[in-house]
Each structure stands twice: as structure tokens, then as C-alpha cells.
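Observations on the three-dimensional arrangement
Listed below are the residues making up each chain.
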Amino acid sequence: MSGPTGAGPVIEVRDLTKRFGAFTAVDRVGFEVHAGEILGYLGANGAGKSTTIRMLCGLLAPTAGTALVAGVDVSRHPQKVKRLIGYMSQRFSLYLDLSAAENLDFFGGAQGLAGRRLRARSQAVLEQVGLLAHRDTRTGDLPGGWRQRLALACAILHEPHLLFLDEPTAGVDPVSRRSFWQLVRGLVRAGTTVLVTTHYMDEAEYCDRVGLMVDGRLAALDTPAALKARLVPGRLFDVHGPAAGSRGRLAAIAGIQHVEPFGAGFHVRMADPSVGAGDLAGRLDAAGFPGAVIDDLEPSLEEVFLEVVEGWPAPANAPEVPA
Amino acid sequence: MWTALLAVVRKEFRQAFRDKRIAFMLLAAPVIQMTILGYAVDLEVDRIPTVICDQDLTSQSRDLGAAFVAEGTFRRVATVRDPAAASRLLEQGTAAVALMIPVGFARDYARQIPIDVQVLVDGTDPNRAQVAMNASAQFLAERAVGVSLQRLSQAVAAGGAVRSLPQQRLTPRILYNPRLKSAIFMVPGVAVTVLLVITTIVTAMGIARERELGTMEQIMVTPLRPAVLLLGKCLPFAIIGLVDVGTLLAVGSYLFGVPIRGSLLVVAASSILFLFSTLGTGIFISTVSRSQQQAILGGFFFLMPAILLGGFMTPIENMPAWIRPLTYLDPVRYFLEILRGCLLKGSGFADLWRQFLALALFGVSIMTLSVLRFRNRLG
Ligand SMILES: Nc1ncnc2c1ncn2[C@@H]1O[C@H](COP(=O)(O)OP(=O)(O)O)[C@@H](O)[C@H]1O
Ligand SMILES: [Mg+2]
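Residues numbered from 1 in each chain as written. Chains lettered and ligands numbered in written order. Predicted model: local features only at pLDDT ≥ 70, side-chain atom pairs only at ≥ 80, totals over all residues. Heavy atoms only, no water.

**Thoughts on the packing of helix H8 (residues 224-231) of chain A against helix H11 (residues 301-309) of chain A**
Residues and elements named next belong to chain A. Rules: Under this scheme, a helix contributes an axis fitted over its contacting stretch, all axes are lines through C-alpha atoms, and angles between N-to-C directions fall in the 0 to 180 degree range. Numbering goes from the N terminus for both helices and strands, where a helix is a DSSP run of H or I of at least four residues and a strand is a run of E of at least two. When an angle is under 35 degrees it counts as roughly parallel; over 145 it counts as roughly antiparallel; between 65 and 115 it counts as roughly perpendicular; any other value is oblique. Handedness of a crossing follows from how the near helix is turned relative to the far one, being left-handed for an anticlockwise turn of less than a right angle and right-handed for a clockwise one. Residues count as neighbours in contact if any of their non-hydrogen atoms are within 4.5 Å of one another. Residue type decides the class: Asp, Glu, Lys and Arg count as charged, Ala, Val, Leu, Ile, Met, Phe, Trp, Tyr, Cys and Pro as nonpolar, and the leftover types, Gly among them, as polar.
At their nearest, the axes of H8 and H11 sit 9 Å apart, and the two run at 55° to each other. Regarding the angle of H8 to H11, the classification is oblique. Every pair of crossing elements has a handedness; the one defined by H8 and H11 is left-handed. Counted together, Pro224, Leu227, Lys228 and Leu231 of H8 and Leu301, Val304, Glu307 and Val308 of H11 form the full contact between these two elements. Among the residues making up the contact of H8 with H11, the classes are represented as 6 nonpolar, no polar and 2 charged.

**A few points about the domain arrangement of chain B**
Heads up, the rule is: Domain delimitation in this document rests on an assignment produced automatically or drawn from a domain database.
One can read the domain layout of chain B as domain 1 (2-42 + 180-378) and domain 2 (48-158). Taking only C-alpha atoms, the centre of domain 1 of chain B and the centre of domain 2 of chain B are 48 Å apart.

**Points about the side chain of B:Ser136**
Residue and element names in this part refer to chain B. The test is simple: Any residue under 20% of the maximum accessible area for its type is buried, any over 50% is exposed, and the rest in between are partly exposed; the area is computed with a 1.4 Å probe on protein chains only. Any pair of N or O atoms that falls within 3.5 Å is considered a polar contact. Within protein, one atom must be able to donate a hydrogen and the other to accept it, and sequence-neighbouring residues count only if both atoms are side-chain atoms.
Note on placement: Ser136 falls in helix H6 (residues 126-159). Classification of Ser136 as buried rests on a relative accessible area of 5%. Looking at Ser136, its side chain comes within polar contact range of the main-chain oxygen of Ala132, at 2.8 Å.

**Things to note about the interface of chain A and chain B**
Selection rule: For salt bridges, the criterion is a side-chain nitrogen of Lys or Arg within 4 Å of an Asp or Glu carboxyl oxygen.
Taken together, the contact between chain A and chain B spans 29 residues of the former and 26 residues of the latter. For the interface between chain A and chain B, the tally reads 5 salt bridges. Two residues, A:Glu102 and B:Arg14, come together in a salt bridge whose shortest N-O distance is 3.5 Å. On inspection of chain A and its partner chain B, the count reaches 15 residue pairs in polar contact (both at pLDDT 80 or more). Those elements that provide at least two residues to the side of chain A that touches chain B are helix H2 (78-84), strand E6 (85-88) and helix H3 (100-110) of chain A. It is H3(A) that provides the largest number of residues to the side of chain A that touches chain B, a total of 6 residues.

Structure below.
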């Protein structure tokens, strides 16, 4: 199979909607994914991330809207899509009573690989995910992080150019999460396009672009830096110390746009990006809070997410939220 | 498609034989089950515990009692004089049959007047009761004939002329299973039951497990088609089931002397047709179950009536009239008729085509329905 040739997006989604009875799980979602990028899909449990992915994989028929995956309309040719993609479902789904190699045997066969080619690919992916030494270990005896890597190996066995990963690192320790992400980035460098969901905010930083999903709607989609600049503009400071004051009184100080309790102190956002830590200290002093300790803060995606979810007063340049 | 099918089949075999308990259930358990059923749940009745209630206490009455238990169908557990004592033994279950020899038996015997010898039979086990009644009736009839013959020959001897005597005896002859050996009757039944259980429950559970563990979703995103997946999941258990049938027949004929009078082709063909019904039912059960547990329950919900109505234990003729029509809806019935007919009577396709037709109809319709349901559920 030859890769997509950079012309146009690899995934094109328009007004994609899924209703279960009266409940709308995915509500008119639209986005594009370009060849060779990692698109992260962020959202709380039940936001509709898995439902979106399952529609894109041809597992669920959309109620409305269109999705073109590698140029194939998923609602018309779900079977055709399946040849082109790799998918790791949210729940761990390999056979625990089979060895690593036997799992690869089965899923490779299901993809139509056989004989020498299957053996060669099994060997290659096991090496790639670092499980060659454990090829004959019962999958149930592998630690959680290793199983996820084996699941990834199964998903890339047939060399798909498009990979859907649904919460691939859920319940895995931080070290394993990092090594998993290194694998994914390696695949992307080799030309694979990845759509990945997660609810770990820190993982979104590995993504080229991040979509935020809230209650079935795609509330924002951009690069992490752009999201931060747009949704958490101004400057962010960490204010703590003996006289950090109360939230309400801080918020009343001129120039302070938002105050969020954080640990023993507060995260304070200034509307004017040119205001420095020294200026803020002066204003706090004037307002009767001398001696507060003030540190510069880089906004995290967590703040971006809270901004979107909690419906903070949206800045004028915030992306359009689909109604 | 062949690659994918082979992958599924190989995986199913690996999983089945990886788990020693499942492997045991599939291969050893049927033979053990048949051996136990063949010996223990012995429908063949002999050595029925019997109390002889001898109220006459003469040498003639003792003779009668001894002759009653001589043949082996009845086994003497006690000899009493008091009828109340005999009743008590029946009530306690120590004896299942009481032979009541009345006072004056020897006297009436000498006077050549009819004697009422009563046989009391415990009816709690109808099968045993039936055997006891038949055997005692036969015994008393033969005895009466014997006595008359003896008398006549004595009379003839006294008269000095020896002639042949016209004699009439009713001699029932049982065909196909002359010694009414129950194992011979049981083995086909066990073979049917084993095939039924293995293919239905294992199929239903296997699919439900994939759904429960989430592997089904992972499979569904491969190009593997649902029909190929089902075929691959059923094929190994169909093969194991057929191996079991073969083993059961071999062991049955070795241990219990079950004859194989008909063609093995008939056995194989009917087994394969029967498999369509059982595998189809297994798939159907999996489409209405969310978990393995529900699949097991669903399986038993189907298996119990299927086995009972099929005539495995109770001959269909002995079932209540209102139940009998239901047995026509049970594929087990037809398969059992084919197996018994073929093994015991040597019947072939020409004799059994109705049963074959019924099996084929059931199999194809259940299978079609289930596969369609399975496909729709993947939606
Ligand atoms: N098959 C289904 N039937 C009914 N409701 C469903 C089904 N699948 C998902 N949902 C509902 O849709 C919503 C979104 O689910 P999901 O896409 O799994 O969310 P996420 O992956 O973001 O946690 C949830 O409220 C869930 O209960
Ligand atoms: Mg999910």
C-alpha cells in the first residue's frame, strides 16, 4: 500500500452526528486531519470521543453528516475503510490466553497477512515495540504498559497509514505512557497519521493539534500554542504567600481578569499581556496584600480545557463554538 | 478469505486446548459421561429387591418363592410370614416387590383349584415397576403351564399312553435389542447429547466472550467478514464434536457391545446436518446474550427441553399426548431416530429420509436466522 500523497486531508469530517435514541452523543462535528499529523481529541468521559472514532473506523453508522477517511466515505463503504486503518479500541482487547506472537498471528491473518510476510511483519512490529524477547509470553502475564504496546503492534501489523488510538494509555503508569508516546511519535515520523483520544491533558502536548470535545460538540480545535493564546490570553501568574488574600478581593483589583484557587494560593490572569510580575506585585501592595509571592506561569492545556468547559467569559477572539 | 478463516480456526483451536479444563471437557468428558451413564443410570432392570411373604410355610410355597428369585430379575432381600411385615419393607424401600403366597397354597395346589398369588410392586420407579410386572406375570404364567404339563404327563403316564401334547405358549420376541440392554439404547443418546452440548454452549459462550472482552470490536475493524468469523469459530467445534461422536461409538461398541449395523456414512451425514441446528442455535443464543453468563443460562434454557423432548431418556410414545406434538419441533428427536435406526437396525437413507429432511430444514433455517441476526447486531 502506498501512502497518501500529501494532497488534501486524510480525514475530512462534516457535520458528523450520532444519536442513540433521543440522546445525541456526537453533535455536528467537523474537522480535517492532514497527512503526517497527530490530532489529539480531548474531552471528559462521555463527551463523545469514542463514538466519533468508532464512526470513523466504520464500526458505527453515523446518524447524519459525512466522514471521508483516506478518501472513502465511511457510511457507504465501512468495509473498505477497515483495510486502510489501524485501530486500538478503548478497552484492552487482545486475547489474554494467547501469547504475544499468537495474538499477532490472529490479527495479522484477519488482515489477510499470511506465511512469510506475516512472520516478517510480526518480527518487525515486536521489535519496534520492544517485545521481541516476550513473543512467547502469555499476554495475560504482561504488565499493563507492555500490553498496550502489544495492542499497538497488532494495530500496525498491516502497515496502515492511518491510526486511530482510543485512550491508548488509560490506566498505564507515567513511564510506560511516555514510552508509548515515543512509539507513536516514531510512527508519525515514518509518515503515519494519528488520531488519538486521551483525557490526560499533558499528553495533548505531544499532539500537533488538539480538539476539545464537550457534550458531543467539538468546542475548539487548534495547535496547543494557539489554543492557549486564544483561550487563555493575557498573562498568568501564580500568587501565594501569607497574604494572598481572598478570591473575591483579588478579582476586584483593576486589570485582573480571572482568579482561580490553586493549592494554597491562586492562579491569577491579567488581561494585558504586557503586565509583568513586578507590576502585579505593586497592584497587590496597593490593594492591601503586601509580600505576596508571585511567579510567572505558562498556561497549560488544563487551563484551556477549563476555559472551554466551564464557560469562562469567552474572549472576543475565541473560536466559534458550534451552537 | 482463506487466510482469515485459517487464522480464526487456528486461534480457536489454540484457545480450546490452551485451557486444560476446556480440553478435558471437549475430549475426555464425553467418554466418561457415557461410561457412567451406561453403567450407573442403568435402565436395564434386574436384581429387583424382593420380599417373599410366605403365609403357608409348606415345601410347595418355599419352592415357589425360590423359583421366583431363581432367574435373577428378582433378588430376595427377606422372607417373612406376616403380610404387614412385607408391606413395611415395601414402604421403607428395602424391597420393591413383594410376592404374597396365601395360606392354603399347598392345600389348594393339591386340590388343583386356582390359587391367587399376589405380587405387590412399588411404582415409584415406573420403568422398574413395568419390568417387575412383566417378569412376574411371565413367571406365574410359565409356572402354571409347567404345572399343567406335569399333571397331564402324569395322567398320561398313569393311562399308559404317551402322546404329544398340544401346548400354547406366548413367547414375545424383542427385535433389535433382544436383551433390552439399556447401554445399547443409551449410547446413541449420549452421543447426541454430547454433540448438542459441546456445539451449542461452546459456540454461544465463545462469541459472548469476544463481545464481553472487547475482542469482537477489535476483530470488527479488520476486513474479516462476519460470516467468515462465524464459520471459523464453528468449524473447530464441529470437528471436535464429530471426533467425539466417533469416539463414543467406538467406546460404546467396545464397552457395551453397541452394534453398528448401518452405514457410518449415515451417521456422519446426520451428525453434520444436526450440527447446523446446534451451531445455529449457539450463534442465536450469543446474539441475545450480553455476557458469557447469560450465554450459559440461555444455553441451558434451550438444552434441557431439547434433550428431554428428544426422547433421550423417555421414549416419546410414553410422553403425555399434549407434549408429543412438541417433539416434532426438536431436532434432537430426528437425529436420535436416525442414530438408533442406523446403529441398531441398520436403517439407511431410504428408511430415514424423512428425518434427514427435517434435520436439514431445521439446520438451514436456524443457521440462516442466526447469521442474519448476528450481522445485524454488529450494525
Ligand atoms: N451504543 C450506545 N448506546 C447508547 N448510548 C451510547 C452508546 N455508546 C455511547 N453512548 C453514550 O454516548 C456518550 C458518549 O460516549 P463515548 O463516545 O464513549 O464518550 P467518551 O469516549 O468521550 O468517553 C455517553 O454518554 C455514552 O453513554
Ligand atoms: Mg471513550
